[in-house]
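As a plain string of letters, each chain reads:
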Amino acid sequence: MSVDKSFADIQRFDFNGTAELRAWLSALSAQATAKADGCGTLCAGAKRVVTLVTCSANFAGGRARTLTVFVG
């Protein structure tokens, strides 16, 4: 997904258990522009997640960020 750099949902680092983590993942996936096959099943069984964030522009200081979320 591509978001503004102020997108609060991705600036989250702590969860109160796996149910909250899974709900967060489900909310993110609902907004995603690309998803892996079986995304819903992966989110429903998630125990951990790694998120990679990178700038989306060819120049420094742009507002857009591209997010890639890996679920385990």
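Residues numbered from 1 in each chain as written. Predicted model: local features only at pLDDT ≥ 70, side-chain atom pairs only at ≥ 80, totals over all residues. Heavy atoms only, no water.

1. Looking at the sheet that holds strand β2 (residues 49–55)
Pairing is antiparallel across the open sheet formed by three strands, whose spatial order is β1-β3-β2. The sheet terminates laterally at β1 (2–4) and β2, the two strands that pair on one side only. Put simply, the sheet's adjacent strands are angled 35° from each other on average, direction ignored. Pairing geometry for β2 and strand β3 (residues 64–71), over seven bridges, is antiparallel. The residue of β3 that forms the bridge with valine 50 is phenylalanine 70. On the sheet, helix α1 (residues 18–31) packs against β2 and β3 and is oriented at approximately 40° with respect to β2. (Pairing = 2+ DSSP bridges. Helix = DSSP H or I, 4+ residues; strand = E, 2+ residues; numbered from the N terminus. Axes fitted to C-alpha atoms, helices over the stretch in contact; angles between N-to-C directions. Contact = heavy atoms within 4.5 Å.)

2. So, the layout of surface pockets
Estimates place the volume of the largest pocket at around 360 Å³. Taken together, 17 residues form the lining of the largest pocket, with Ala32, Ala34, Lys35, Cys39 and Val69 sitting closest to its centre. Elements with a contribution of two residues or more to the lining of the largest pocket: α1, α2 (39–44) and β3. In terms of residue class, the lining of the largest pocket is built from 13 nonpolar, three polar and one charged. (1 Å grid on protein atoms, 1.4 Å probe; cavity = no way out; pocket = protein on both sides within 12 Å on 5 of 7 lines; lining within 4 Å. Points joined across faces, edges and corners; volume = space filled by probe spheres on them. Nonpolar A, V, L, I, M, F, W, Y, C, P; charged D, E, K, R; others polar.)

3. Notes on the side chain of serine 29
Position of serine 29 among the secondary structure elements: in helix α1. Within the structure, serine 29 has its side chain in polar contact with the backbone oxygen of serine 26 (distance 2.9 Å). Here serine 29 is in contact with Lys35, Cys39 and Cys43, once residues within four sequence places are set aside. (Polar contact = N/O pair within 3.5 Å; in protein donor to acceptor, adjacent residues only side chain to side chain.)

4. Things to note about the pattern of salt bridges
By the definition in use, this model includes one salt bridge. One salt bridge in this structure joins glutamate 20 and arginine 12, with 2.4 Å as the shortest N-O distance. Owing to a relative accessible area of 26%, glutamate 20 belongs among the partly exposed residues under this scheme. (Salt bridge = Lys/Arg side-chain N within 4 Å of Asp/Glu carboxyl O. Buried < 20%, exposed > 50% of the residue type's maximum accessible area, 1.4 Å probe, protein only.)

5. Points about a nonpolar patch on the surface
On the surface, a cluster of nonpolar side chains totalling about 280 Å² of accessible area is made up of Val50, Leu52 and Phe70. Tracing the sequence through the fold places phenylalanine 70 in strand β3. By relative accessible area, phenylalanine 70 is classed as partly exposed at 46%. (Patch = residues over 30% accessible without salt bridge, like charges linked within 9 Å, V, L, I, M, F, W, Y side chains within 5 Å. Areas by Shrake-Rupley, 256 points an atom, 1.4 Å probe, with all protein chains shown as cover.)

No statement about biological role is implied by the geometric values presented.
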